[in-house]
Structures are given as structure tokens and as C-alpha cells.
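# Residue-level structure breakdown
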Amino acid sequence: MLGGLILMARTIHELPLDERPREKLALRGADALSDGELIAILLRTGMRGANAVDVAQQLLARFGSLEALARCSVKELAAIKGIGPAKAVQLAAAFGLGARLARESLSRRPMDEPRLVYELLAPEMRALNRESLRVVLLDTKLHLLRVEEVSLGSMDQSIAHPREIFRPALIHSAYAVIVAHNHPSGDPTPSEADRRLTRRLREAAMLLQISLFDHVIIGAPGPDGR
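Residues numbered from 1 in each chain as written. Predicted model: local features only at pLDDT ≥ 70, side-chain atom pairs only at ≥ 80, totals over all residues. Heavy atoms only, no water.

### Comments concerning the packing of helix 1 (residues 21-28) against helix 2 (residues 35-43)
Viewed as axis vectors pointing N to C, helix 1 and helix 2 meet at an angle of 115 degrees, and their least axial separation amounts to 9 Å. By the criterion of interaxial angle, the relationship of helix 1 to helix 2 is roughly perpendicular. Relative to helix 2, helix 1 is oriented so that their crossing is left-handed. In contact with Pro-21, Arg-22, Lys-24 and Leu-25 of helix 1, helix 2 contributes Glu-37, Leu-38, Ala-40 and Ile-41. Among the residues forming the contact of helix 1 with helix 2, the class breakdown is 5 nonpolar, no polar and 3 charged. (Axes fitted to C-alpha atoms, helices over the stretch in contact; angles between N-to-C directions. Helix = DSSP H or I, 4+ residues; strand = E, 2+ residues; numbered from the N terminus. Parallel < 35°, antiparallel > 145°, perpendicular 65-115°, else oblique. Left-handed = near helix turned anticlockwise from the far one by under 90°. Contact = heavy atoms within 4.5 Å. Nonpolar A, V, L, I, M, F, W, Y, C, P; charged D, E, K, R; others polar.)

Right, dumping it as C-alpha cells:
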């Protein structure tokens, strides 16, 4: 309340045309919109006292980043005031499409660098709050065949035996594999358990005559973006 008056947030339709997220996107493209405005388009409506942009900005302020927001399950999102089940599903679908788009754009390139593996998997795996171990299956030209999740563990450990890790490669006749798992802490430094697993995988790959190209740990970018 200010000066005896209650200040109410303007609805989207009360904003000037060039400030409305949908109209701005149509005229100027997605790059012209803030993260909050893009989320507002997905939400479509706000709640009493807050329009869709306000709700989106509150979401980002609450979780601190898009990455943290993407970590939320549908159930967690639906429980937030102003979201609900339908909007939660729309947000989860948007984050899922983003991860799939990143994967599709890389599927036609040889996966011969750790950086490419990171670009392929990080959009989804960085958002997980538990360790996930996945195997990237490659053909003779090192093009992506598919990605299989082998195990989903705890906050700091994903347990898998080499036989489970190489089973997808045998089923799909992969020429080579790259093993990857995430560190929910964001620190990609390999643990001693990670090093032991890599040694065991190298030995198993030699016996199975499957090329083990790498074991990539997905962390979070540092201050320099690397």
C-alpha cells in the first residue's frame, strides 16, 4: 500500500504492445526477450496481483537460474503458487525439448571430442540432482547411435557394473562407446571411485573388442564459462 492506495500489477494486456512477450517475440525474435519473458509465454497467465512475467521473474529469483529451475520435477513445480499442474508440465516439456534439440544438432557430427559429449549431455544432466551414468553409443564413423542411461544413483554416487554399461553396446552393435556421468555438486573432478571404474571399463572393453573412447564427467561451468 502506498499513499492509501493498493498498487496492483498490470496484466499482460495492459502493457504496451512492444512490451508484451508474445508480440515482442513475434516481431524481434526470442533473443530479444529475457529469460523471464520467455517463461511467461509458457505460463500464459499469472495470478491475482502478479502477471505472467511477474510470476516468471519470481520463479527465477526463487531458484536462482534456469539450470536450477530445470532441476525441478513436475510435482515440485506444480506445488509453487501461481504454477499448478498444467503450467508445470508446460515448463518441463520446454526444458525437455531444449535438451533434445541440443542432442539432435550434434547427432550428425563425429563425437570425437569431450566438448561435444558435454554439449550433447550437459543440458539435461546438469539439471539432475542425482548421479546418472550413461553410455553414448557410436558407429564406425563415430556418429551418435543413441544414448542409454545405465543407472541413476544417489546425490554423490552412481553404481554400475561393466556388464550393465557395455550391454547396450552389444545389443545395438556399437563400434565404440563413451561413458559419462554427472556430478550434482558441479565439480567435475574425478573421484577415486571414478578412476577405478574407468580402469575396469578399459579392461572390459579390450575383452569385448569395443572401443572405449572416453569417460566424461559432467559438471557445471566455472566462472570463466569453461
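### Description of helix 2
For helix 2, the set of buried residues is Gly-36, Glu-37, Ile-39, Ala-40 and Leu-43. The buried residues of helix 2 occupy an angular sector of 160 degrees when projected down its axis, which confines them to one face. Buried residues belonging to helix 2 abut helix 1, helix 3 (52-63), helix 4 (66-70) and helix 6 (84-106). Just downstream of helix 2 lies Arg-44, where phi reads positive at about 75 degrees. (Buried < 20%, exposed > 50% of the residue type's maximum accessible area, 1.4 Å probe, protein only. Arc of directions from axis to C-beta.)

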